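Chain residues, written in single-letter form:
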Amino acid sequence: MNVKIETSWGERLQGEFQKPYFAELVQFVRGEYATGVCYPPGPLIFNAFNQTPFDQVRVVILGQDPYHGPGQAHGLCFSVNDGVEFPPSLRNIFQEIQTETGAPIPQSGNLMRWARQGVFLLNTCLSVRAHQAFSHSNHGWETFTDSVIALLSREREYLVFLLWGAPAGKKAALIDRGRHLVLQSAHPSPLSAYRGFFGNGHFTQCNQYLAQHGQQPIVW
């Protein structure tokens, strides 16, 4: 399977690309994009990997599936293109960062600036049909992204995993807590942000852990 993905990831995931489930997933995704509107744009499906090479990952934030409105998704979880109004979850993320660090709310919701610092912004599913949340669930993406999380846990050390909400929290079982820091809380969605996301201290704890292990903190 010839997948256009950054080389350091491509080399490590080649075995995954050769598995039967991935061939079926590719066939499904191609069919969806050919017959309807899907997000993100096809060339950006693996954007999180392309922006943050394997050896540069320092923090992993796990989302669910891409935004399904026009012009929003560009392959990084929780992130939107420049000029796009902040979705509610992203607004709450920025609010928590401001509370913890005093940093002003940014003008843009484009999180490329995080990706370039080593924040791997991974969705559980990497594609979605327009206006239909979770429409590409249970077709193989979850198997693929589980393997990515397990790979990072196994081959890297001293990463920080930020798992918000129950679906992301289930991925904790894939991570070796003896080698990495796992921080879990409620999801930043307005439905749950006041039940444990606000005040979780994750952005501060993340940077403290990185500093303890000789790494530069993230400029949130």
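The coordinates are above.
A brief look at the structure comes next. Model, not experiment: these values are computed from the prediction. Think of each chain on its own: its residues are numbered from 1, step by step along the sequence as written. Only residues with pLDDT of at least 70 are given local features in this predicted model, and only at 80 or more are side-chain atom pairs given and counted; all residues enter the totals for whole chains, interfaces and linings. Remark: hydrogens and water are excluded; side-chain values derive from all non-hydrogen atoms of the structure.

Ranked by internal contacts, the top residues of the largest apolar core, which has 72 residues, are Trp9, Phe49, Ile61, Trp114, Phe144 and Trp220. Contacts were defined at the residue level, with two residues in contact if any of their heavy atoms lie within 4.5 Å. With residues up to four places along the chain from it excluded, the contact list for tryptophan 9 reads Phe49, Thr52, Pro53, Phe54, Val57, Phe120, Val148, Leu151 and Leu152. Definition of nonpolar core: a set of buried residues of the types Ala, Val, Leu, Ile, Met, Phe, Trp, Tyr and Cys, connected through side-chain atoms within 4.5 Å. Three exposure classes are used, based on accessible area relative to the maximum for each residue type with a 1.4 Å probe and protein chains only: buried under 20%, partly exposed in between, and exposed over 50%.

Think of an α-helix as 3.6 residues a turn; residues three or four steps apart then line up on the same face. Put simply, DSSP marks the helices as runs of H or I at least four residues long and the strands as runs of E at least two long, and each gets a number from the N terminus on. Here a helix's expected span is defined as the number of its residues, less one, multiplied by 1.5 Å. In a regular helix each residue adds 1.5 Å, so 14 residues correspond to 20 Å; helix 4 (residues 88–101) covers 20 Å between its end C-alpha atoms and thus fits that length. By the burial criterion, the buried members of helix 4 are Ser89, Leu90, Asn92, Ile93, Phe94, Glu96 and Ile97. Looking at the buried side of helix 4, the elements it contacts are helix 5 (112–115), strand 5 (160–164) and helix 8 (202–212). In the segment just after helix 4, glycine 102 is the residue with positive phi, at about 80°.

Most of strand 3 (residues 119–123) sits inside the fold, with 5 of its 5 residues counted as buried. Burial along strand 3 is two-sided: the residues Val119, Leu121 and Asn123 and Phe120 and Leu122 are all buried. Paired strands, in this sense, are two strands between which DSSP finds at least two bridges. Here strand 2 (residues 59–63) pairs with strand 3 via 5 bridges, running parallel. If you follow leucine 62 over to strand 3, its bridge partner there is leucine 122.

Quick look at the packing of aromatic side chains now. For Phe, Tyr and Trp, where Trp contributes only its six-membered ring, two rings pair if their centres lie within 6.5 Å, and the inter-plane angle classes them as stacked under 30 degrees, edge-to-face over 60, or tilted in between. Within the structure shown, the criterion is met by 22 aromatic pairs. Arranged with centres 5.4 Å apart and planes meeting at 50°, the rings of phenylalanine 22 and phenylalanine 144 form a pair that is tilted. Residue phenylalanine 22 is located in helix 2 (residues 20–35), and its partner phenylalanine 144 is located in helix 6 (residues 141–155); the two are separated by 122 residues in the primary sequence. Residue class for phenylalanine 144 comes out buried when judged on its relative accessible area of 0%. Between the aromatic rings of tyrosine 194 and phenylalanine 198, the centroid separation amounts to 4.8 Å while the plane-to-plane angle is 65°, which identifies the pairing as edge-to-face.

Only the stretch in contact is used when fitting a helix axis, every axis being a line fitted to C-alpha atoms; angles between N-to-C directions are given from 0 to 180 degrees. Packing of helix 4 against helix 8 brings their axes to within 8 Å, and their N-to-C directions diverge by 65°. Contacts from Ile93, Glu96, Ile97 and Glu100 in helix 4 reach His202, Phe203 and Thr204 in helix 8. Among the residues forming the contact of helix 4 with helix 8, the class breakdown is 3 nonpolar, 2 polar and 2 charged. Classification convention: Asp, Glu, Lys, Arg as charged; Ala, Val, Leu, Ile, Met, Phe, Trp, Tyr, Cys, Pro as nonpolar; all other residues, Gly among them, as polar.

Considering the arrangement of structural elements, one finds threonine 52 in the loop between helix 3 (47–51) and strand 2. Apart from residues no more than four positions distant in its own chain, threonine 52 is found in contact with Trp9, Val57, Ala115, Gly118, Val119 and Phe120.

Before going further, it helps to spend a moment on the pattern of salt bridges. Salt bridges are defined by distance alone: a side-chain nitrogen of Lys or Arg within 4 Å of a carboxyl oxygen of Asp or Glu. In this structure the tally under the stated criterion is 5 salt bridges. Glutamate 16 is the salt-bridge partner of lysine 19, the closest N and O atoms lying 3.2 Å from each other. Residue lysine 19 is classed as partly exposed on the basis of its relative accessible area, which comes to 37%. Of the charged contacts, one joins aspartate 146 and lysine 171 as a salt bridge, the two residues approaching to 2.6 Å between their closest N and O atoms. Here aspartate 146, found in helix 6, pairs with lysine 171, found in the loop between helix 7 (166–169) and strand 6 (181–185); they are 25 residues apart in sequence, far enough to count as distant.

Here we come to the sheet that holds strand 3. Taken in spatial order, the 4 strands make up an open sheet running 3-2-5-6, and their pairing is parallel. Lying at the two open borders of the sheet, with one neighbouring strand each, are strand 3 and strand 6. Each strand axis lies, on average, 20° off the axis of its neighbour in the sheet, ignoring direction. Across 5 bridges, the pairing between strand 5 and strand 6 is parallel. Its bridge partner being in strand 6, leucine 163 is matched across the sheet by glutamine 184. Contacts from helix 8 reach strand 2, strand 5 and strand 6, with the element oriented near 175° to strand 6.

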